Amino acid sequence: MYLTHFEFPDIEEEYSFRLSIKRTCYDSFYPFGILSRHHLTQLDFEPVTILYGSNGCGKSTALNIMAQKIGLGRDSLYNRSNFFEDYLDMCSFRPRESLPKDSRMITSDDVFDFMLNLRSINNGIDLKREALFDEYLDNKYSRFQMRSLSDYEQLRKANMAKSRTQSKYVRNNLMSNIREHSNGESAFLYFSEIIRENALYLLDEPENSLCAQKQQELARFLEDSARFFKCQLIIATHSPFLLSIRGAKIYDMDEDPVDVKPWTQLENVRAYYDFFKEHDDEFKRRFPG
């Protein structure tokens, strides 16, 4: 483990700070009042720690505060305010050792941007493929003669066109299409590429864009990353599949005060369980035995 615990200011500390503010023209004191609302003052971490709760409970806020205070790299912007730095000054953390260079914060926006980049690259590949079809015909029937070394590349293409079919010519001159995947497959590819061994990762709702099957694959991947490859993970999620990661310490951010619970006692998981139990007879009729 790279991080043992993180401390947030309590209600009294927040109140004292707000009394010290002379101006009153601010619309928001964010992130003040978010985590203290449910008396969250400290998180103690395991190799896998999960922040669970409904929208607005402060899961993402907690991750953003920790990532900024610890100094983790990140790509996407996040919600800040005039008082964000003041709040950070009131937080503290205890690393067990220096954080590895690959440690970072990963959000669903990062995954979405990755998928858009893949799509953009593939659109470029599609355009290049059309151009190569025309180039093949020009080279195949050209009467090109090499006059200097600067003509070497053109001669190579002309000889290739005369010795290959159109499809082989295009394949040899075109980089592989890197996105023969659905959005969900591309999202999973992102995690498999960005997460390296021996590092700390803060993941904000990584299940977004993933179907149930891919969420299960991601859960196994994250579990193995912590178990076998010395990663420490702090995850904000609603997903019952990620919540079921073996050995995960789960904070229920909807409780007041915030409490640690097993995943089977969480309200969202129980809602899934009750729904499928209600329709159990239908499943048995369709899938007997």
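All values reported here derive from a predicted model rather than from experimental measurement.

Conventions and cut-offs
- Residues numbered from 1 in each chain as written.
- Predicted model: local features only at pLDDT ≥ 70, side-chain atom pairs only at ≥ 80, totals over all residues.
- Heavy atoms only, no water.
- Helix = DSSP H or I, 4+ residues; strand = E, 2+ residues; numbered from the N terminus.
- Buried < 20%, exposed > 50% of the residue type's maximum accessible area, 1.4 Å probe, protein only.
- Contact = heavy atoms within 4.5 Å.
- Pairing = 2+ DSSP bridges.
- Patch = residues over 30% accessible without salt bridge, like charges linked within 9 Å, V, L, I, M, F, W, Y side chains within 5 Å.
- Areas by Shrake-Rupley, 256 points an atom, 1.4 Å probe, with all protein chains shown as cover.
- Salt bridge = Lys/Arg side-chain N within 4 Å of Asp/Glu carboxyl O.
- Axes fitted to C-alpha atoms, helices over the stretch in contact; angles between N-to-C directions.

**Structural notes on unusual backbone geometry**
Of note, the bond from Y30 into P31 is cis; its omega dihedral lies within 30 degrees of zero at 5 degrees. Mapped onto the elements, P31 comes out in the loop between α1 (11–20) and β2 (42–44). Here the bond from D256 into P257 is cis, since omega is 5 degrees, no more than 30 degrees from zero. A positive phi is found at N198, a non-glycine position, where the angle reads about 60 degrees. On the secondary structure map, N198 appears in the loop between α7 (183–194) and β6 (200–204). On the basis of relative accessible area, N198 is assigned to the partly exposed category, the value being 30%. Phi is positive for E205, close to 50 degrees, though the residue is something other than glycine. For E205, the position within the fold is in the loop between β6 and α8 (212–228). Taking the relative accessible area as the measure of exposure, E205 reaches 16% and is therefore buried.

**Description of the environment of E85**
Tracing the backbone shows E85 in helix α3 (residues 84–89). The spacing of E85 and I65 is 20 residues in sequence and 9.5 Å in space, taken between C-alpha atoms. Contact partners of E85, with chain neighbours within four places excluded, come to Q68 and R80.

**Digging into the pairing of strand β8 (residues 249–252)**
Both faces of β8 are covered, namely the face carrying K249 and Y251 and the face carrying I250 and D252. Taken together, the four bridges between strand β3 (residues 48–52) and β8 define a ladder with parallel strand orientation. Bridged to Y52 within β8 is D252. For β8 and strand β9 (residues 259–260), the ladder comprises two bridges, and the chain directions are antiparallel. Residue pairing across strands places D252 opposite D259, the latter belonging to β9. Between the antiparallel neighbours β8 and β9 lie six residues.

**A few points about a nonpolar patch on the surface**
Taken together, the side chains of Y272, F275, F276, F283 and F287 present a nonpolar region at the surface, about 550 Å² in accessible area. In terms of residue count, helix α10 (residues 267–278) provides more of the nonpolar patch than any other element does, three residues in total. Structurally, the position occupied by F287 is in the segment after α11 (280–286).

**Let's talk about the sheet that holds β8**
Pairing is mixed in the open sheet, where six strands are placed in the order β5-β6-β7-β3-β8-β9. Only two strands of the sheet have a single neighbouring strand rather than two, namely β5 (104–107) and β9. The strands that helix α2 (residues 59–70) touches are β3, β5, β6 and β7 (232–236); relative to β6, the one it contacts most, it runs at about 150 degrees.

**Here we look at the pairing of β6**
For β6, a buried count of five out of five residues is recorded, marking the element as mostly surrounded by other parts of the structure. Of the two faces of β6, the one carrying L200, L202 and D204 and the one carrying Y201 and L203 are both buried. Sheet topology places β6 next to β7; five bridges connect them, and they run parallel. From the neighbouring strand, L200 faces β7, where its bridge partner is Q232.

**Notes on the sheet that holds strand β1 (residues 3–7)**
Within the open sheet, the three strands sit side by side as β2-β1-β4. Their pairing is antiparallel. Looking at strand neighbours, the two that pair on one side only are β2 and β4 (92–95), the edges of this open sheet. Between one strand axis and the next, the sheet turns through 10 degrees on average, direction left out of account. With three bridges connecting them, β1 and β2 associate as antiparallel partners. What sits directly across from F6, in β2, is L43. Running over the sheet, α2 touches β1, β2 and β4 and is turned about 110 degrees from β1.

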